[in-house]
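Topology and contacts: notes
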Amino acid sequence: EVQLVESGGGLVKPGGSLRLACAASGFTFNEHSMNWIRQAPGKGLEWVSSISSRGNHMYYADSVRGRFTTSRDNAKNILYLQINNLRDDDTALYFCARDPRSSGTAYYFDFWGQGSLVTVSS
Amino acid sequence: DIQMTQSPSSLSASVGDRVTITCRASRDISDSLAWYQQRPGKAPTLMCFDASVLGGGVPSRFSGSGSGTHFSLTISSLQPEDFATYFCQQYYNNPPTFGQGTRVEI
């Protein structure tokens, strides 16, 4: 059974930093691109970032580029999102999600974690 | 970025009703469209991809159709567990973008 479990969220002051983690199990982690997608309270979904299966290519939404860094540890089956210089509008539930293709990238998402809440407030 | 517009934003329906949600892309996305269901407090689940292919375990009362710029998700006979919010998402171009959601209420 595919499982994705996020952790690391919390309350942070504007300008602060946080690192989210997503522990994956139930599939061959190093064969799939992975993604971060966020949802502000009561709002829709926004794709944030993706990382290739080997971790050598990363892509970011314009709204986070330069502040967020995605990485992965394929030996530990963990996906990370380093969030720096947090702003009020970064407040959201952050989901990790799997790309279904085991080679290449589809850019839709077949399994999602339950999310980790990041709240930015002074 | 490609803009995705869903309609309606919300609808009220009864168990057994046939329900159709539409999604329009700001430009041609071929069949690169997915639908997700999100129940309150839960993560989204993949309902349909490539516009019309049902995701694993999705009941056959769900169907997706369309290509180009106009798409729809139909529930042939609404069940209690189908009351949720539905999102469309294009993956033709980066960045992948989502519609604003359609809330299906009792």
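Preceding this section is the structure that the text describes.
Here goes a summary of the coordinates provided. (Residues numbered from 1 in each chain as written. Chains lettered and ligands numbered in written order. Predicted model: local features only at pLDDT ≥ 70, side-chain atom pairs only at ≥ 80, totals over all residues. Heavy atoms only, no water.)

Looking only at helices and strands, chain B features zero helices and 11 strands. Shown N-terminal to C-terminal, the secondary structure of chain B runs as helices and strands in the order β-β-β-β-β-β-β-β-β-β-β. A compact globule built from 106 residues would reach a C-alpha radius of gyration of about 13 Å, and chain B, at 13 Å, matches this within 12%. Each principal axis of the C-alpha atoms in chain B carries an extent, and together these give about 35 × 25 × 25 Å. With 106 residues in all, chain B has 51% of them scored as buried. Counting only contacts in chain B whose residues sit at least 6 apart along the sequence, the fraction spanning at least 24 positions is 57%. As displayed, chain B offers around 4700 Å² of accessible surface, 45% of which is attributable to carbon and sulfur atoms. Counting 7 positive and 8 negative side-chain charges, chain B places the centres of these two groups 5 Å from one another. (Helix = DSSP H or I, 4+ residues; strand = E, 2+ residues; numbered from the N terminus. Rg over C-alpha atoms; globule rule 2.2 N^0.38 Å. Buried < 20%, exposed > 50% of the residue type's maximum accessible area, 1.4 Å probe, protein only. Contact = heavy atoms within 4.5 Å. Areas by Shrake-Rupley, 256 points an atom, 1.4 Å probe, with all protein chains shown as cover. Lys, Arg positive; Asp, Glu negative; His and termini not counted. Charge placed at Lys NZ, Arg CZ, Asp CG, Glu CD.)

Quick look at the interface of chain A and chain B now. Of the residues lining the interface, 15 residues belong to chain A; the matching set on chain B comes to 16 residues. Roughly 1400 Å² of surface becomes buried between chain A and chain B when both sides are summed, with 66% attributable to carbon and sulfur atoms. Among the residues chain A hides against chain B, the three largest losses belong to L45, Y107 and Y108 of chain A. Together they make up 42% of the total. Where chain A packs against chain B, one counts zero salt bridges. Counting across the interface, chain A meets chain B through four residue pairs in polar contact (both at pLDDT 80 or more). When residues of the side of chain A that touches chain B are traced back to their parent elements, those giving at least two are β4 (34-39) and β5 (45-51) of chain A. Tallying contributions element by element places β5 of chain A first for the side of chain A that touches chain B, with three residues. (Buried area = accessible area lost by both parts, 1.4 Å probe. Salt bridge = Lys/Arg side-chain N within 4 Å of Asp/Glu carboxyl O. Polar contact = N/O pair within 3.5 Å; in protein donor to acceptor, adjacent residues only side chain to side chain.)

Before going further, it helps to spend a moment on the pairing of strand β9 (residues 92-98) of chain A. All names here are of chain A. β9 sits mainly inside the fold: six of its seven residues count as buried. As paired elements, β4 and β9 share six bridges and run antiparallel to each other. Residue pairing across strands places N35 opposite A97, the latter belonging to β9. Sheet topology note: the β9/strand β11 (residues 116-120) ladder contains three bridges and is antiparallel. The residue of β11 that forms the bridge with A92 is V118. For β9 and strand β10 (residues 111-112), the ladder comprises two bridges, and the chain directions are antiparallel. Its bridge partner being in β10, R98 is matched across the sheet by F111. (Pairing = 2+ DSSP bridges.)

Before going further, it helps to spend a moment on the layout of surface pockets. Taken as a whole, the largest pocket spans an internal volume of roughly 400 Å³. Put simply, the parts of the chain that give the lining of the largest pocket at least two residues each are β9 of chain A together with β9 (85-90) and β11 (102-105) of chain B. Among the residues forming the lining of the largest pocket, the class breakdown is 10 nonpolar, seven polar and five charged. (1 Å grid on protein atoms, 1.4 Å probe; cavity = no way out; pocket = protein on both sides within 12 Å on 5 of 7 lines; lining within 4 Å. Points joined across faces, edges and corners; volume = space filled by probe spheres on them. Nonpolar A, V, L, I, M, F, W, Y, C, P; charged D, E, K, R; others polar.)

Time to look at the pairing of strand β7 (residues 68-73) of chain A. All names here are of chain A. The side-chain alternation of β7 yields one buried face, formed by F68, T70 and R72, and one unburied face, formed by T69, S71 and D73. As paired strands, β7 and strand β8 (residues 78-83) are joined by six bridges and run antiparallel to one another. Paired with D73 across the strands is I78, a residue of β8.

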